[in-house]
Amino acid sequence: MEIFDSHGEKVRGWEVCNLPCANYPVKLKYPVPVKSESNLIRSALKRAEAEEGDRMQVEFLKRGASLTLQEYINGIVMMGTPAQEYLQGLEPSARGALCEKLGRLMAFDMLINNFDRFPLAWPNDGNLGNVMLGASQGSVVGIDQCVSLIKHPTGLQDYLGRVKRAVDEATKGAASRGRFQAVRDAINLNTGIELAEEEVAQMRSGVVSFMTELADMSASGALEKSLQSVSDELIAVTASLPARLDPMGSPGSPQLMVNEFCDLVRKAVAAGQEALSSSE
Ligand SMILES: Nc1ncnc2c1ncn2[C@@H]1O[C@H](COP(=O)(O)OP(=O)(O)OP(=O)(O)O)[C@@H](O)[C@H]1O
Ligand SMILES: [Mg+2]
């Protein structure tokens, strides 16, 4: 189903949240706060004719109190033949630069415990359907990411230990099969491309450069400023949404949740910083 405005053009200009601290084209799903755009979309939805399989979904969308939209990323997912052909078609230098960007995306994921992408700090098989390549928004763009809080203190310590080990491996390399080998295997399994050693090194360098930038931002106070501005934005958006209940059935506090998100980012940055300084 596609949504068209009154001129028959696809509705564009949806609000997306570019995480400023990440300096990276990561797009978060984000309810539209702009009234005029929201009205435009609603009136287009009212007129939308659904095909057989989409009928229920359209009814649901028409009646919903809030609309969640996301920017369309016009690339290809990092899976299957299209991704293989895309990667094979890149010049070596462009492929190296892309590996560096993959590394930066992995490092970003560690800040928010976004485990459903690359198996770097997480013992899973990865999900490369959450990486898009070759889009006009960027050669590597993450989709379908979210902050996953870890409430259990031991679980959190365990996670931060894995972040440290991943950053440590990014700086020094691994003695034997390490986490970057798991990422390399996942890329091979999903795209049929076996990355060369230098390309893995570029991925590692992406992790190190991202973590170093974040450590610098933390030291200068820029990280706090960034977290504050993202928090303010999120709080403003939640203020326009219907109240939500938390898993215990109590009214959820957006401020509390946002504070917890920020705290996870701070702790992951500190873990990365520790690994970086131990390798100096
Ligand atoms: N913003 C986007 N722009 C373009 N295509 C997208 C976008 N978001 C999702 N897709 C497409 O839809 C697919 C599924 O989207 P998404 O990953 O959000 O759903 P999912 O059900 O959570 O999938 P999974 O559980 O496999 O991660 C993506 O792999 C991609 O092909
Ligand atoms: Mg997905």
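Keep in mind that this is a model prediction, so the values were computed, not measured.

### Some words on the overall build of the protein chain
Point 1. Check the secondary structure of the protein chain and you find 9 helices and 7 strands.
Point 2. Counting all 280 residues of the protein chain, 30% fall into the buried class.
Point 3. For the protein chain, restricting intrachain contacts to residue pairs at least 6 apart in sequence, the fraction spanning at least 24 positions comes to 71%.

### Topic: the nonpolar core
Point 1. Ranked by size, the top nonpolar core spans 51 residues in total, and within it M106, M110, V163, V207 and A268 carry the most contacts.
Point 2. Element by element, the count of residues in this core is highest for helix α4 (residues 92-112), at 9 residues.
Point 3. Ignoring anything within four residues of it in the chain, the contact list for V163 reads M110, A121, A268, A271 and G272.

### Examining the pairing of strand β7 (residues 138-142)
Point 1. For strand β6 (residues 131-135) and β7, the ladder comprises 4 bridges, and the chain directions are antiparallel. If you follow A135 over to β7, its bridge partner there is G138.
Point 2. What sits between β6 and β7 in their antiparallel hairpin is a turn of 2 residues.

### Quick look at the environment of S136
Point 1. Residue position: S136 is located in the loop between β6 and β7.
Point 2. The class of S136 is exposed, set by 9 C-beta atoms lying within 10 Å.
Point 3. Separated by 63 residues in sequence, S136 and I73 place their C-alpha atoms 7.7 Å apart.

### Focus: α4
Point 1. Between its first and last C-alpha, α4 extends 31 Å over 21 residues, near the 30 Å set by a 1.5 Å rise per residue.
Point 2. Once α4 finishes, N113 follows within two positions and takes phi at roughly 55 degrees, a positive value.

### Comments concerning helix α7 (residues 197-220)
Point 1. End to end, α7 covers 34 Å across 24 residues, agreeing with the expected 34 Å (1.5 Å per residue, within 8%).
Point 2. Turning to α7, its buried residues are E199, Q202, M203, R204, G206, V207, F210, M211, L214 and A215.
Point 3. Where α7 is buried, its residues touch α4, α5 (153-172), α6 (179-191), α8 (222-239) and α9 (254-278).
Point 4. One or two positions beyond α7, positive phi appears at G221, with a value near 90 degrees.

### As for the confidence of the model for the protein chain
Point 1. Mean pLDDT over the protein chain: 84, with 86% of residues reaching 70 or higher.
Point 2. The least confident element of the protein chain is strand β1 (residues 17-18), whose mean pLDDT is 35; the most confident is helix α3 (residues 80-88), at 98.
Point 3. Confidence drops under a pLDDT of 50 for residues 1-33, and excluding neighbours within four residues, the segment shows 76 contacts in the predicted structure.

### What about the sheet that holds strand β5 (residues 76-77)?
Point 1. On the basis of which strands lie adjacent, the open sheet formed by 3 strands has the order β5-β6-β7 and antiparallel pairing. Two strands in the sheet have a free side with no partner beyond their single neighbour: β5 and β7.
Point 2. Relative to the sheet, α4 contacts β6 and β7, its axis offset from that of β7 by approximately 20 degrees.

### Describing unusual backbone geometry
Backbone geometry follows two general trends: most residues other than glycine have a negative phi, and most peptide bonds adopt the trans configuration.
Point 1. Here the phi dihedral of N113 falls at roughly 55 degrees; this positive angle occurs in a residue that is not glycine.
Point 2. Structurally, N113 can be placed in the loop between α4 and β6.
Point 3. One non-glycine residue with positive phi stands out, namely D144, at about 60 degrees.
Point 4. Along the chain, D144 falls in the loop between β7 and α5.
Point 5. The exposure class assigned to D144 is partly exposed, which follows from the 16 C-beta atoms found within 10 Å.

### Quick notes on the packing of α4 against α7
Point 1. The N-to-C vectors of α4 and α7 enclose an angle of 45 degrees; their axes lie 7 Å apart at closest approach. The orientation of α4 with respect to α7, classified from their angle, is oblique. The handedness of the crossing between α4 and α7 is right-handed. Here R95, G96, C99, E100, K101, L102, G103, R104, M106, A107 and F108 of α4 lie close against α7, whose contacting residues are E198, E199, Q202, M203, R204, S205, G206, V207, S209, F210 and M211.
Point 2. Class assignment of the residues belonging to the contact of α4 with α7 gives a composition of 9 nonpolar, 6 polar and 7 charged.

### Structural notes on the environment of M106
Point 1. Among the secondary structure elements, M106 is positioned in helix α4.
Point 2. On the basis of neighbour count, M106 is assigned to the buried category, with 27 C-beta atoms found within 10 Å.
Point 3. Ignoring sequence-local partners within four residues, the contact set of M106 consists of F118, L120 and V207.

Cut-offs applied
Residues numbered from 1 in each chain as written. Chains lettered and ligands numbered in written order. Predicted model: local features only at pLDDT ≥ 70, side-chain atom pairs only at ≥ 80, totals over all residues. Helix = DSSP H or I, 4+ residues; strand = E, 2+ residues; numbered from the N terminus. Buried ≥ 20, exposed ≤ 12 C-beta atoms within 10 Å, placed from the backbone. Contact = placed C-beta atoms within 7 Å. Core = buried A, V, L, I, M, F, W, Y, C linked by C-beta atoms within 7 Å. Pairing = 2+ DSSP bridges. Expected span 1.5 Å × (residues − 1). pLDDT = per-residue confidence, 0-100. Axes fitted to C-alpha atoms, helices over the stretch in contact; angles between N-to-C directions. Parallel < 35°, antiparallel > 145°, perpendicular 65-115°, else oblique. Left-handed = near helix turned anticlockwise from the far one by under 90°. Nonpolar A, V, L, I, M, F, W, Y, C, P; charged D, E, K, R; others polar.

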